[in-house]
Amino acid sequence: MTSFRSKMIVVAGVLLMPVVFFAPVSAARIDTPVGNYPYSLSAADFDGDGDIDLVAANYKSGDVSVLKNDGQGSFEPAVNFQAGLYPRTVAAGDFDGDGDWDLAVTIDSTQLVAVLFNNGAGVFAEPINYTVGLNPSSVCVGEFNGDGNVDLAVSNFSSSNISVLMNDGGGVFASAVNYETGYGPNGITAADFDGDNDIDLAVVNSSSDNMSVLLNAGDGAFGPAVNYGLRDFPVSVIAADLDHDGDNDLAAVDYFSSQVSVLINDGDGTFNPAVNHGTGLQPISIFAGDLDLDGDDDLAIVNCWDHNISVMENVGGETYGTAVSYRSGRYPHTLCAADLDLDGDLDLAVPNAGSNTVSTFANHGDGTFYSCGDANGDAMPDVGDIVYLINYSFKGGPPPALFLESGDANCDGDSNVGDAVYLVNYVFKGGAAPCAGCP
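Residues numbered from 1 in each chain as written. Predicted model: local features only at pLDDT ≥ 70, side-chain atom pairs only at ≥ 80, totals over all residues. Heavy atoms only, no water.

Undergrad: Mind showing me how you'd approach the sheet that holds strand β5 (residues 79-82) here?
TA: The strands making up a sheet are joined through hydrogen bonds of the backbone, oriented either antiparallel or parallel. Spatially, the 4 strands line up as an open sheet ordered β2-β3-β4-β5, and their pairing is antiparallel. In this open sheet, the two strands that pair with only one neighbour each are β2 (38-44) and β5. Here the average twist between neighbouring strands, direction ignored, is 25°. As paired elements, strand β4 (residues 63-67) and β5 share 4 bridges and run antiparallel to each other. Bridge pairing in β5 places Ser65 opposite Asn80. (Pairing = 2+ DSSP bridges. Helix = DSSP H or I, 4+ residues; strand = E, 2+ residues; numbered from the N terminus. Axes fitted to C-alpha atoms, helices over the stretch in contact; angles between N-to-C directions.)

Undergrad: When you look at unusual backbone geometry in this model, what are you seeing that I'm missing?
TA: Of all residues except glycine, most have a negative phi; of all peptide bonds, most are trans. A positive phi angle, close to 65°, is found at His244, a residue other than glycine. As for its placement among the helices and strands, His244 is situated in the loop between β18 (234-240) and β19 (249-254).

Undergrad: Looking at this structure, I do not really get the sheet that holds strand β27 (residues 324-327). What am I missing?
TA: Read across the open sheet, the 4 strands follow the order β22-β23-β24-β27; overall the sheet is antiparallel. Of all strands in the sheet, those bounded by a partner on one side alone are β22 (283-289) and β27. Each strand of the sheet is rotated relative to its neighbour by a mean of 20°, with strand direction disregarded.

Undergrad: Help me understand the side chain of Asp347, please; the structure alone is not making it clear to me.
TA: Mapped onto the elements of the fold, Asp347 is located in strand β29 (residues 347-352). Among the polar contacts listed, one links the side chain of Asp347 to the backbone nitrogen of Asp341, at a separation of 3.3 Å. In this structure Asp347 touches Cys336, Ala337, Ala338, Asp339, Leu340, Asp341, Phe361, Ala362, Asn363 and Phe369, once residues within four positions along its chain are discounted. (Polar contact = N/O pair within 3.5 Å; in protein donor to acceptor, adjacent residues only side chain to side chain. Contact = heavy atoms within 4.5 Å.)

Undergrad: Would you explain a nonpolar patch on the surface in this entry?
TA: A surface patch of nonpolar side chains, about 370 Å² in accessible area, is lined by Ile390, Phe394, Val417 and Val421. Contributing elements (two or more residues each) for the nonpolar patch: α2 (383-395) and α3 (417-429). The residue Val421 is located in helix α3 in this model. (Patch = residues over 30% accessible without salt bridge, like charges linked within 9 Å, V, L, I, M, F, W, Y side chains within 5 Å. Areas by Shrake-Rupley, 256 points an atom, 1.4 Å probe, with all protein chains shown as cover. Salt bridge = Lys/Arg side-chain N within 4 Å of Asp/Glu carboxyl O.)

Structure, rendered in structure tokens:
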């Protein structure tokens, strides 16, 4: 535990020092400004320095913001590159085979997907456009035809189809081949669903309230869509081995019913009916991965109208623990996960369309993302937590918002008036930061 807290001390202390700068301590959340109305994120080592950077697609400013990581989970000021009118979703892949990460960006209100090539230092060239269907909503990458090159699949909301574009290996894509889906295809994901070692596709159809699975014949040609019912306006989907049986299952979020739908794979690319779990208000994005390092895949969900992300621990198969939520900026959108601080676990990042920022959340290694001393759950130990702890300790107010230990600034194993005193000393007198010196 000592090594974790000493590392977190390096990451982001300045955000938590309103009076005097002492040894820094991690905030669970760091906000970095980007362009106007950031809608989606992609994570990769764009500048080749060994740590994971971020790129945000900014819907209203027509560009992408590159956030270079300092190696400890903090980011340099954004550098912007033009992408085209209304960039919506962004995905990273080495399209030209030169060893660095390029970008593919869907351009909403058009019939275009833009490809931006990286010079190896995280500097991107002017976009090269390819024609797809109408109002492309999402893009994913995969090696679809067995030639070793990274191809593209794009969902086209207003054409009710997907476009598959094959890469010649030099970053030039063939004309799109289109496949019918349900109505209003939105989020798309790629994985091997039927166990034949090629990459299949799944897309959620917002307007027909279902999901289409298209199996790959092995040469990049896809069979007809097989549809599975979901709830009300599904918008995002992720593939992962959720029941730990060796095949890829699916989880989708349903925007208007505020639920996540989990579909377990029979092993041959057919899926059981959805099992639904409640989320926050208007979930818009989902990620699956082993956040608590226990060997199974947990879920993280962006709740747009609650302005937060929720983490749901996988406790076996289709069963998940109670969601623990962490406040983001305003109107968060497409979530991504990566080891941003190089400590061996998955951290979370989300663009906030209403705040023009990207929020990053450092993982404690057990799937929690709070800062100790954060009694009110806003990811920032400050004067609000002092008031919250006093109300809890003396007036019967609600307990700390996340769990009892989240208000524990002085490391005595509980949240109480001692933590309020500790925070008063920290906030107003330049005292030690929360968790400083904890075992």
